[in-house]
Amino acid sequence: MTTNSVPLDRKDLFLRACRGETLSRLPVWMMRQAGRYLPEYRAIRANHAFLDVCKTPDLAVEVSLQPFRLLGVDAVIVFSDILIPAEAMGLKLELGDAGPNLPEPVRSKRDVEKLKLFDPETETAFLPEAIRRIVREVGPTVPVLGFAAAPWTLACYMVEGRTKEGFATVKSFLLSEPATFRDLLHRIAQATIPYLKAQIAAGAAAVQLFDTWCGELSLRDYQEFALPATQEIISALGGSTPVIYYTKASHHLLPAIARSGANVLSVDWRVDLRALRDQLGPRIAIQGNVDPAVLFGPPEQIRRITQEAMAALGGTGHILNLGHGILQHTPVENAQLFIQTGQQSLQPEVVRVGLAPPSARGTAS
């Protein structure tokens, strides 16, 4: 609630940040905000497999709304998994506590050619249905977010079969059969476009592309393979809804990432936000970037580091978030503290010039 008791329009706040506007109060949410750190989520998972939660709208809606009810986040991201399209394209998918597993990975031209496009309103109908229900539940003043994996990151799982350090198999595929690998990325992009459009049609106010593993690539390979496929998706969405593009360990790629067409770049804690704004200018909004491990620290440290991130961009074109998903054993009260701190109004001098608040600059409080 605002001071005059008028309900806050979180959706307007979020979209204004996506447009690069200057705000006196930042929107704040957390990647993986619906998940294992919440006892309420663990209670549901005690009786339901992960994929069953993803594919059952009643369960997906409940889990998606838990952080909104418990923490007061400014955006609700639908509960799902980035590998859902891989299964819809024809791969067997296993998701459990040990992590994702695709037991029949894509390793050849024939495997790539067997992949299929799919109708998201039939084969993955549970996802847009969950979004429609969340939108009805939270009303018109709360943004609901959809998401998908960027082509390179989804290809990493589809080729490796699971997460593997270094991604040697997928890089070998890229290097030995570049034309086939480009075809794989193109097919993923073509499947992802209607998948995201269905989420937008269901009411998603913005969508996020997760390219968690693009930092594994050299600049040359990113520009030749991953970037064109990502641009293909964002271009096809036509600017109808803001696109947030998340990358991790990607400092060497950021000038190229900025050419993706995304409205917002979401970055990890390794990136200096002010230096990034100086590099990119005001044309692209920024999301991030508190280290998730900070939420294991003492309250005064959580407040200080969160305030430093808030102040870095002077309130201009900034969505406050973690630099990666919230970690499993994070104390709930620390997650609440991060959200509550992030929702405080910025000091006027910070909004004007992007200065750190006094406590963050080392002066007396």
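Look above for the structure.
These lines cover the structure that appears in this document, whether it is placed above or below.

Here we take up the overall build of the chain. Counting its regular elements, the chain contains 17 helices and nine strands. Expected size for 365 residues packed as a compact globule is a radius of gyration near 21 Å; at 20 Å, the chain falls within 12% of this value. The C-alpha extent of the chain, read off along each of the three principal axes, is 65 × 45 × 35 Å. A buried classification covers 56% of the 365 residues belonging to the chain. Excluding contacts between residues fewer than 6 apart, the proportion of contacts in the chain whose partners are at least 24 apart in sequence is 74%. Total accessible area computed for the chain in this model is approximately 14,700 Å², and 51% of it derives from carbon and sulfur atoms. Averaging the positions of the 37 positive and the 37 negative side-chain charges in the chain gives two centres separated by 2 Å.

It is worth spelling out the packing of aromatic side chains at this point. Tallied over the full model, the rule gives nine aromatic pairs. Among the aromatic residues, those joined into a ring-pair cluster are Trp152, Phe173, Phe181 and Phe225. Here the basic side chain of arginine 182 rests over the ring of phenylalanine 225, its NZ or CZ set 4.3 Å away from the ring centre.

Before going further, it helps to spend a moment on the sheet that holds strand S8 (residues 285-287). Spatially, the seven strands line up as an open sheet ordered S1-S4-S5-S6-S7-S8-S9, and their pairing is parallel. Two strands close off the open sheet at either side, each with one partner strand: strand S1 (76-77) and strand S9 (318-319). The pairing of strand S7 (residues 264-266) with S8 spans three bridges and is parallel. Within S8, the residue paired with serine 266 across the bridge is glutamine 287. Helix-sheet contacts for helix H10 (residues 178-201) involve strand S4 (144-149) and strand S5 (206-211), and the interaxial angle to S4 is about 170°.

Turning to the packing of helix H14 (residues 299-311) against helix H15 (residues 332-342), a few remarks are in order. The contact between H14 and H15 brings their axes to 9 Å, and the two run at 35°. Pair H14 / H15 crosses with right-handed handedness. Judged by residue contacts, Pro299, Ile302, Arg303, Thr306, Gln307 and Met310 of H14 engage Asn334, Leu337, Phe338, Thr341 and Gly342 from H15. In terms of residue class, the contact of H14 with H15 is built from five nonpolar, five polar and one charged.

Once that is clear, we can look at the nonpolar core. Ranked by size, the top nonpolar core spans 136 residues in total, and within it Met30, Trp152, Met158, Phe181, Tyr222 and Phe338 carry the most contacts. For this core, the leading source of residues is H10, giving 10 residues. If near-sequence neighbours (up to four positions away) are discounted, tyrosine 222 is found in contact with Asp211, Cys214, Leu217, Leu227, Pro228, Tyr245, Leu253, Ala256 and Ile257.

Let us now look at the side chain of arginine 277. Mapped onto the elements of the fold, arginine 277 is located in helix H13 (residues 273-280). Summary of buried charges: arginine 277 has no salt-bridge partner, and the nearest side chain of opposite charge, aspartate 278, is 7.3 Å away. Setting aside anything within four residues of it in sequence, one finds arginine 277 in contact with Pro282, Ile284, Ala285, Ile286, Leu313, Thr316 and Gly317.

Conventions adopted
- Residues numbered from 1 in each chain as written.
- Predicted model: local features only at pLDDT ≥ 70, side-chain atom pairs only at ≥ 80, totals over all residues.
- Heavy atoms only, no water.
- Helix = DSSP H or I, 4+ residues; strand = E, 2+ residues; numbered from the N terminus.
- Rg over C-alpha atoms; globule rule 2.2 N^0.38 Å.
- Buried < 20%, exposed > 50% of the residue type's maximum accessible area, 1.4 Å probe, protein only.
- Contact = heavy atoms within 4.5 Å.
- Areas by Shrake-Rupley, 256 points an atom, 1.4 Å probe, with all protein chains shown as cover.
- Lys, Arg positive; Asp, Glu negative; His and termini not counted.
- Charge placed at Lys NZ, Arg CZ, Asp CG, Glu CD.
- Phe/Tyr/Trp six-rings, centres within 6.5 Å; stacked < 30°, edge-to-face > 60°.
- Lys NZ or Arg CZ within 6 Å of the ring centre and 35° of its normal.
- Pairing = 2+ DSSP bridges.
- Axes fitted to C-alpha atoms, helices over the stretch in contact; angles between N-to-C directions.
- Left-handed = near helix turned anticlockwise from the far one by under 90°.
- Nonpolar A, V, L, I, M, F, W, Y, C, P; charged D, E, K, R; others polar.
- Core = buried A, V, L, I, M, F, W, Y, C linked by side-chain atoms within 4.5 Å.
- Salt bridge = Lys/Arg side-chain N within 4 Å of Asp/Glu carboxyl O.

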